[in-house]
Amino acid sequence: MSGLRDQLKRQIEGAVRDAGAVPVERTTNFGHLFRSAPRLLVEPRTAEDVRATVQFARAKGLTLSTRGAGHSQSHLGISDGGVLLAMGSLGRVLEVDDRALTADVEAGALWGDVVARLKPLGLAPPVLTNNLNVTVGGTLSVAGIGVASFRYGTQGDQVVSLDVVTGDGEAVTCGPDRNEDLFWSVVAGLGQVGVITRARLKLRRVKPLTRTYYLLYDDARRFLEDARFAMDSGRFDHIESWASPSPQGTKPVGGRRQVFARWFFPFHLTVEFDPGAPPDDAALLDGLRPYENLYTDDLPTAEFFSRLEPVFDLWKRGGTWEHVHAWMEAVMPWETAPDLLDAILPDLPPSILVGGHILLWPAKGSASRSRLFMRPPGENLVGFGILPAIPPKYWPEARPMLDTASRLSIAMGGKRYLSGYVEFTEEEWREHFGPMWEPFRASKRRFDPDVILNPGFVPLDERRPAASPAA
Amino acid sequence: MTHVPDPIPFGTPAWAAALREGLNGSSEYRNAAAKWGVGWNGNLLLAFEADGALAAPLHLFLELAAGRCTRAEFVGGSGRDRAEAGFTLRAPFSLWRDILERRVLAATAILTGKMKVEGDRLALLRHAGANRALIHVTGSVPTRFPS
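Given the structure is predicted, the values throughout are model-derived calculations rather than measurements. All residue numbers refer to position in the chain's written sequence, counted from 1. Both sets of labels track the order of writing: A upward for chains, 1 upward for ligands. Reporting of local features is limited, given that this is a predicted model, to residues whose pLDDT is at least 70; pairs of side-chain atoms are given and counted only at 80 or more, and all residues count toward the totals for whole chains, interfaces and linings.

Caption draft 1: Molecular detail of the overall build of chain A. Along its length, chain A carries 14 helices and 19 strands. In this treatment the radius of gyration is a C-alpha quantity, and the globule benchmark scales as 2.2 Å times the residue count to the 0.38 power. Taking 471 residues into account, the globule formula puts the C-alpha radius of gyration at 23 Å, and chain A, at 22 Å, falls close to it. Per-residue burial for chain A yields a buried fraction of 49% across its 471 residues. Here contacts are defined at the residue level, using C-beta atoms placed from the backbone and a cut-off of 7 Å between them. Considering only contacts in chain A between residues 6 or more positions apart, those separated by 24 or more positions represent 72%. Starting at the N terminus, helices and strands are each numbered in turn, a helix being any DSSP run of H or I of at least four residues and a strand any DSSP run of E of at least two. Whether a residue is buried, exposed or partly exposed follows from its count of other C-beta atoms within 10 Å of its own C-beta, namely 20 or more, 12 or fewer, or something in between, respectively; the C-beta atoms are built from the backbone.

The structure is reproduced here in C-alpha cells:
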C-alpha cells in the first residue's frame, strides 16, 4: 500500500487510488490527444474532502488537477504524476428554491441530472450546453455556451454563488457581488485558482413545449443576416446553426484529390410555448429568407434540451467517440465571420466530419460579463467550431489544417474558445487574454501561490510539465 | 516510360514562363482562384530575400486575375513593381524553398509572421484556397534551386 495514499485516505471520506489502480480512461480525456497518469486519483465525497486534498497536495509538493466528465481536449482533466481530483463523485443536485429560482448543486453534477431534477418543477438553467453529460464545475471553468447564450450569456453568467477551495486550501464562497475577484477568476478560469465544490445556479421558468423551425440556407452571408435579424427580433428562445456539407465529387487540393462539398447552413429557431397556445408560425418567420423551410418540430422542452443525445449515441455506436477530438472553436467578430467561412469551408473535406460537425452560433457580446471568457469587441458575434472525430492514425495529417484554421480565426480578429484543442505558445496565450493576462496571473499568484492547480495548459507560471501525446 | 522534365534554374525567365504555363494549365488553380483579382488588384510580387542559399534578392511579379496568369516575370523589385502589385509577400529564400518543397505551409508562414505581407492581409487570407493552389503549382515547376 502506498504511504501517500494511506496518509490521504486517513484524512478524507472519499476514495483514493494509487497510480496502478487508475482506470485507463482517466489517463486521457475526450480529446484523446494526451495521456498521462496521476500519482493519486481521488474521488471526493464532500467539499471538506476537496479542501483536505488540496492542502495535502500542497504540503506534499504535488500538483492537483481537476476532472469533471473529462470532456476537455487539451491538457485539462488529466494529471501527469500529481493528484487527479475526479469530481464526479461529488455530483448531487441539492436544494431547489422554487421561489428564489435557484438550485444548489455539487460541482460534479451532470447538467443532465440538473435538468431531470428541475423538469417536474417547470424550471431550467437559462443556458445549457448541447451535451448534457458534462459537469457543472467543468463547464463553468471554461464559460459554458449553449443555444440560449445569445440571450443569457454563458453558464458562468447565470451563477448566484460558488463554493470554492482555493489553491492555498481555503474554502471560500464567492459570487458576482461577494469576493468577486475570486468569482470572476474561477468562471472561465480553467481551474487555475480554485476548485469549485458547489454552485448556486440561477433558474428560469420554462414553458412545457418547444417548437423548432428547421430552416436551410445556401448562402452564408444571407444566413448571417437572418441570424442577426432573428437575434434582434427577440422572437426566439433558442438559436442553433451548423454548416453542413453536401459532397459533390473530388477535386485537387494542394495537388491531392479529395472530396469537396457544397456547403449549406441549417438554421434551427426554437420557441417555447404552453399547450393550447401554439406559436404563430407565419409571424415568427416573417422577414426571414431561407433557401428552404424544411421541417417544424414540436417537443417537450426537457426533450429539446437533450435533443442531441441521439446524435451522440450514433457517434458512440459508430466508434468515433473514441477518436481524436481536436475541436477548433472560436468566437468571431460579425464582420469577419463570412471571410473565415470563405477561407476554410471550400477545402475542408467532408470526411473530417464523420462523427462530428461544424457549429455556428450567433451571439451577443453584451450578454456576458465574464472577464476570462475572451471574445472580440462588438455586440454581434459568431461562434464557429470545427468539431471533428479523427481516427488517431490520421491525426498528423489533420493537425496542420486545424492549426491553420485556428490561426486564421485569430488573424481575423477571433478568440478561441478554450474547451477544445488549443496549443498556444506563451505569446499566443498573452495575446488571447490581452488586458486580462496580467490580472489573471495576479489572481493565480494570490489564490494558488504554490502553483499546484491544473498545470500543463495555460502557462500562468513557469511550472508546466510536459505531456505525453496519446495519439 | 514517364518523361521527367529537366529542372529549370530558379530565377530565370524560363522558370517564370514555366510557372505561368503551369498556372494556366491547372484546373485546381483556375477553380480556386476564380474570384481572385476580379474587380481588384490581384497581382503578386513574391520577394525572395537573399540568405545563405541566395546571393542576391529576387522578385517575381505575377499578374493574376480570375484564375489566369497573364504575366510572370522576375523584376527588380523597385517601388514601381511594388506599386503595380496588390500584394507583396516577402520572406528569406530558405523559407520560400521550404514552402515550395512542402515542408512549411504558406498559410502558417503568413499567420506566424515569418512571411511578411504588404497589402490587404485579410483579403489574402480570405482567398486561402487560391493561394494554396498558387503555391502548389509554383512548387510543381521542376526547379534547380541555387545551392
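Caption draft 2: Layout of the sheet that holds strand β1 (residues 15-18) of chain A. Residue and element names in this part refer to chain A. Any two strands with at least two DSSP bridges between them are considered paired. A sheet is described by the order of its strands in space; here 4 strands give the open sequence β1-β2-β4-β3, paired in mixed fashion. With partners counted over all chains shown, the strands left at the sheet margins are β1 and β3 (64-67), one partner each. Taking the axes of each pair of neighbouring strands and ignoring which way they run, one obtains an average angle of 20 degrees across the sheet. In this sheet, strand β4 (residues 83-86) lies alongside strand β2 (residues 40-43) in parallel orientation, the contact comprising 3 bridges. Interaxial angles span 0 to 180 degrees and are taken between N-to-C directions of axes, which are lines fitted to C-alpha atoms, for helices over the stretch in contact.

Caption draft 3: Representation of the confidence of the model for chain B. pLDDT runs from 0 to 100 and stands for how confident the predictor is about each residue. Looking at chain B as a whole, the pLDDT averages 94, with 99% of positions reaching at least 70. Both scores are given for the predicted complex: the pTM is 0.93, the ipTM 0.88.

Caption draft 4: Inspection of the interface of chain B and chain A at higher detail. Taken together, the 14 residues of chain B in the interface contact 15 residues of chain A. Among the elements that take part in the side of chain B that touches chain A, helix α7 (residues 128-140) of chain B stands out by supplying 5 residues, more than any other. Taken together, the residues of the side of chain B that touches chain A sort by class into 6 nonpolar, 5 polar and 3 charged. Ten residues, namely Ala, Val, Leu, Ile, Met, Phe, Trp, Tyr, Cys and Pro, are considered nonpolar, four, namely Asp, Glu, Lys and Arg, are considered charged, and the remaining ones, Gly among them, are considered polar.

Caption draft 5: Focus on the nonpolar core. Working definition: the nonpolar core is a set of buried Ala, Val, Leu, Ile, Met, Phe, Trp, Tyr and Cys residues, joined through C-beta atoms within 7 Å. Counting residues in hydrophobic clusters, the biggest one holds 174 residues, and the most contacted among them are A:V42, A:L85, A:V186, A:A199, A:M332 and A:L340. Each residue touching A:V186, except ones within four places of it in the same chain, is listed here: A:L162, A:V164, A:C174, A:V193, A:G194 and A:I196.

Caption draft 6: Here's a closer look at helix α3 (residues 111-118) of chain A. Residue and element names in this part refer to chain A. Those residues of α3 lying buried are W111, V114 and L118. Each buried residue of α3 sits inside an arc of 55 degrees when the element is viewed along its axis, so together they form one side. At its buried positions, α3 is contacted by β5 (93-97), β6 (102-106), β7 (123-124) and α4 (136-140). Read the arc as the range of directions from the helix axis to the C-beta atoms.

Caption draft 7: Fine view of the sheet that holds strand β10 (residues 194-202) of chain A. All names here are of chain A. Judged by pairing direction, the sheet is antiparallel, and its 5 strands sit side by side in the order β5-β6-β10-β8-β9 without closing on themselves. Edge positions in the sheet fall to β5 and β9 (171-174), since each of these pairs with one other strand and no more. With direction set aside, neighbouring strand axes in the sheet form an average angle of 15 degrees. Relative to β10, β6 runs antiparallel, the two sharing 5 bridges. Counted as the bridge partner of A103 is L201 from β10. Against the sheet, α3 engages β5 and β6, with an angle of about 40 degrees to β5.

Caption draft 8: Region of interest: the environment of B:L54. Residues and elements named next belong to chain B. One can find L54 in the loop between β2 (44-49) and β3 (58-65). Sequence spacing of L54 and P92 is 38 residues, and the spatial spacing of their C-alpha atoms is 8.9 Å. Beyond its immediate sequence surroundings of up to four residues, L54 is in contact with F48, F93 and P146.

Caption draft 9: Geometry of helix α1 (residues 13-24) of chain B. For a helix, the expected span equals 1.5 Å multiplied by the residue count minus one. Over its 12 residues, α1(B) extends 17 Å from the first C-alpha to the last, a length consistent with the 16 Å expected when each residue adds 1.5 Å. Considering only its buried residues, α1(B) is in contact with β1 (8-9), α2 (27-32), β3, β4 (68-75), α7 and β7 (143-144) of chain B.

Caption draft 10: Structural detail: the packing of helix α7 (residues 220-233) of chain A against helix α11 (residues 337-344) of chain A. Residue and element names in this part refer to chain A. At a minimum axis separation of 10 Å, α7 and α11 run at an interaxial angle of 150 degrees. By the angle between their axes, α7 is roughly antiparallel relative to α11. Remark: the crossing between α7 and α11 carries right-handed chirality. Only A337, P338 and L341 of α11 make contact with α7, whose side of the interface consists of A220, R221 and L224. The residue inventory of the contact of α7 with α11, partitioned by class, reads 5 nonpolar, no polar and 1 charged. Angular relationships are summarised with four words: roughly parallel below 35 degrees, roughly antiparallel beyond 145, roughly perpendicular across 65 to 115, and oblique for the angles in between. Left-handed describes a crossing whose near helix is turned anticlockwise from the far helix through less than a right angle; right-handed describes the clockwise counterpart.

Caption draft 11: Inspection of unusual backbone geometry at higher detail. Residues and elements named next belong to chain A. One non-glycine residue, N179, lies in positive phi territory at about 50 degrees. Within the fold, N179 resides in the loop between β9 and α6 (180-186). A positive phi angle, near 55 degrees, is found at L190, a position not held by glycine. Looking at the secondary structure, you find L190 in the loop between α6 and β10. We classify L190 as buried; it has 23 C-beta atoms within 10 Å.

Caption draft 12: Focus on the packing of α11(A) against helix α12 (residues 395-411) of chain A. Residues and elements named next belong to chain A. Where α11 meets α12, the closest approach of the two axes is 10 Å, and the angle between their N-to-C directions is 155 degrees. The angle between the axes of α11 and α12 places the two elements in the roughly antiparallel class. In this structure, α11 meets α12 at a crossing whose hand is right-handed. Residues L340, A343 and I344 of α11 pack against A405, L408 and S409 of α12. Grouping the constituent residues of the contact of α11 with α12 by class yields 5 nonpolar, 1 polar and no charged.

Caption draft 13: Just the environment of A:V127, in detail. All names here are of chain A. Assignment of secondary structure puts V127 in the loop between β7 and α4. C-beta crowding within 10 Å serves as the criterion here: with 28 such atoms nearby, V127 is assigned to the buried category. As a C-alpha pair, V127 and H238 span 111 residues in sequence and 9.6 Å in three-dimensional space. Each residue touching V127, except ones within four places of it in the same chain, is listed here: G144, G146, A148, S149, Y152, T154, Q155 and Q158.

Caption draft 14: Molecular detail of the environment of A:N293. Residues and elements named next belong to chain A. Looking at the element boundaries, N293 is found in strand β15 (residues 292-300). For N293, a count of 13 C-beta atoms within 10 Å corresponds to the partly exposed category. Between the alpha carbons of N293 and G153 there is a distance of 28 Å; along the sequence they are 140 residues apart. Sequence-distant contacts of N293, that is, excluding residues within four places in its chain, are made with Y213 and L215.

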